[in-house]
Each structure stands twice: as structure tokens, then as C-alpha cells.
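# Survey of secondary and tertiary structure
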Amino acid sequence: MMLLRLFIEFFKTGLFSVGGGMATLPFLYAMSEKTGWFTQAQLADMIAVSESTPGPIGVNMATYVGYITAGIPGAVIATIGLITPSVIVILIVSRFLQQFRRNRYVDAAFYGLRPCSVGLIAAAGFLVLKISLLNIPAFSSSGSLADLFNLKAIVLAAVLLVLTRFVKKTKGLHPIWFILASAAIGVMFSF
């Protein structure tokens, strides 16, 4: 039953997350609250690991959630669930696209999907900021404004921003160096 539920949840995510892997984040956030399969902290870890490993972020995250929920079979089923809608749509579209590509309604539909993708990706960006820079559970329990902000993460984000945008010597470095440095700092300072 768990495998079927994993498939259905990730099928819905794959069906409606137009715009790539980052567009899956709002769906995963909702899935976390609905199912309890993973916490917001685990979601932040999934984002970090998925961004720093090869492959599409959505697929990496589906595989991770499936694995922590139901082991290797869960990882396979969740991944298949996520990619199945895309495969179906690609097969249908490729069959008919040549006939309908010049159709103004089809063209308008593709054009209309652009703002949807931007909105989902922006929502994902805000979710990542919320999860990584704020500590809402600690603030909720204490009521202290000092507990709201994750100061270590804010300092790291500020340093990375300065290094990637304003320091001439590090501005041109490949992003993998910043990912590796951030991972090392996260381990050293227990983020």
C-alpha cells in the first residue's frame, strides 16, 4: 500500500510541477505536511544533496523520499511515479506536435505555461530561503525574535554572495567549489 501511495503522490507531483526540478519543491513541502514522510529539515537536506549530486533535482528528491520511506523499492517507485507523467506527455506531444505546432491555441498554451513555471520556481526559491535561513519551529516555541533567524546560515549565505558577486578572485570560480566549501562548512559547524 505504501508503494502505491508513493507512486500516486509523486505522479501528481510530476504531473503538475511544470518548470523543472525546482518547481517540485512546493509540492514536496505540501507532501511533507500531508504525509509526514519527512520533515522540513530533511527537505532542506534533500535540496542540498540534490543540488550537489548529478541528475535532475526532482528525480533525486523523489528517489531520496522513496528510499527513506520504503527502501530501495520505494526509491524506484517514487522515481517512476515522478517521471511517468512527463514520459506520457512527451509521447503524446511528439505524436501530434508537428500537426498542431502552428495552431495558435497550442502556441498560446505553451506561452501561457511560462509564467506558471516562473511562479513555481519563485515559490521554490522562497521555500528554500525560508527553510534554510529561518527557524520557525524554534521561534514558535520560544516567541523570541532571536530564535527566528538561523544566523550561521545567514552568515554563510552573505559570505557566498560576496564571494560569488563582488570578490574579483573568487567571482569566476566554478560553482562546484562553492558547493564543496559550503558542504564542508556545514559539516564543521553542524548546520
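This is a predicted model, so every value here is computed, not measured.

### Things to note about the overall build of the protein
Counting its regular elements, the protein contains nine helices and zero strands. Tracing the protein from N to C terminus, the helices and strands come up as α-α-α-α-α-α-α-α-α. Expressed as lengths along the three principal axes of its C-alpha atoms, the size of the protein is roughly 55 × 45 × 30 Å. The buried share of the protein, reckoned over its 191 residues, is 24%. Counted over contacts in the protein with a minimum sequence separation of 6, partners at least 24 positions apart contribute 54%.

### Description of the side chain of Asn60
In this structure, Asn60 sits in helix H4 (residues 57–100). Residues contacting Asn60, with those up to four places away along its chain left out, are Ser50, Thr53, Pro54 and Gly55.

### Concerning helix H9 (residues 175–188)
End to end, H9 covers 20 Å across 14 residues, agreeing with the expected 20 Å (1.5 Å per residue, within 8%). Note on H9: the residue one or two positions beyond its end, Ser190, has a positive phi of about 55°.

### Things to note about a nonpolar patch on the surface
Nonpolar side chains collect at one region of the surface, where Tyr64, Tyr67, Ile68, Ile72, Val76 and Ile80 lie side by side and expose about 550 Å² of accessible area between them. Residue position: Val76 is located in helix H4.

### Description of the pattern of salt bridges
Inspection of every chain in the model, using the stated rule, returns two salt bridges. We note a salt bridge from Glu9 to Lys12, for which the minimum N-O separation is 3.5 Å. A residue pair is termed a helical-turn pair when its members lie 3 or 4 positions apart in one helix, as Glu9 and Lys12 do in helix H1 (residues 2–16) at three residues. The class of Glu9 is buried, set by a relative accessible area of 9%. Its salt-bridge partner being Lys34, residue Glu9 comes within 3.0 Å of it at the nearest N-O pair. Taken as a pair, Glu9 in helix H1 and Lys34 in helix H2 (residues 25–35) lie far apart in primary sequence, 25 residues in all. Taken together, the shared-partner salt bridges in this structure form one network comprising Glu9, Lys12 and Lys34.

### Here we look at the environment of Tyr29
Examined against the element boundaries, Tyr29 turns out to sit in helix H2. By relative accessible area, Tyr29 is classed as buried at 17%. Sequence separation between Tyr29 and Leu163 is 134 residues, and the spatial gap between their C-alpha atoms is 30 Å. Residues in contact with Tyr29, not counting those within four places in the same chain, are Gln40, Leu43, Leu127 and Lys130.

### Overview of the confidence of the model for the protein
Confidence in the prediction for the protein averages 86 pLDDT; 99% of positions are at 70 or higher. H1 holds the highest mean pLDDT among the elements of the protein, 92, whereas helix H3 (residues 40–52) holds the lowest, 80.

### Points about the packing of H3 against helix H5 (residues 104–133)
In contact at an axis separation of 10 Å, H3 and H5 are set at 115° when each is read in the N-to-C sense. Considering the relative orientation of H3 and H5, their crossing is left-handed. Of the residues in H5, those touching H3 at Gln40, Leu43, Ala44 and Ile47 are Leu127, Val128 and Ile131. The class makeup of the residues in the contact of H3 with H5 is six nonpolar, one polar and no charged.

### Here's the deal with the side chain of Thr13
Mapped onto the secondary structure, Thr13 falls in helix H1. Every residue in contact with Thr13, bar those within four places of it in the chain, is listed here: Thr24, Phe27, Met31 and Leu82.

Conventions we followed
Residues numbered from 1 in each chain as written. Predicted model: local features only at pLDDT ≥ 70, side-chain atom pairs only at ≥ 80, totals over all residues. Heavy atoms only, no water. Helix = DSSP H or I, 4+ residues; strand = E, 2+ residues; numbered from the N terminus. Buried < 20%, exposed > 50% of the residue type's maximum accessible area, 1.4 Å probe, protein only. Contact = heavy atoms within 4.5 Å. Expected span 1.5 Å × (residues − 1). Patch = residues over 30% accessible without salt bridge, like charges linked within 9 Å, V, L, I, M, F, W, Y side chains within 5 Å. Areas by Shrake-Rupley, 256 points an atom, 1.4 Å probe, with all protein chains shown as cover. Salt bridge = Lys/Arg side-chain N within 4 Å of Asp/Glu carboxyl O. pLDDT = per-residue confidence, 0-100. Axes fitted to C-alpha atoms, helices over the stretch in contact; angles between N-to-C directions. Left-handed = near helix turned anticlockwise from the far one by under 90°. Nonpolar A, V, L, I, M, F, W, Y, C, P; charged D, E, K, R; others polar.

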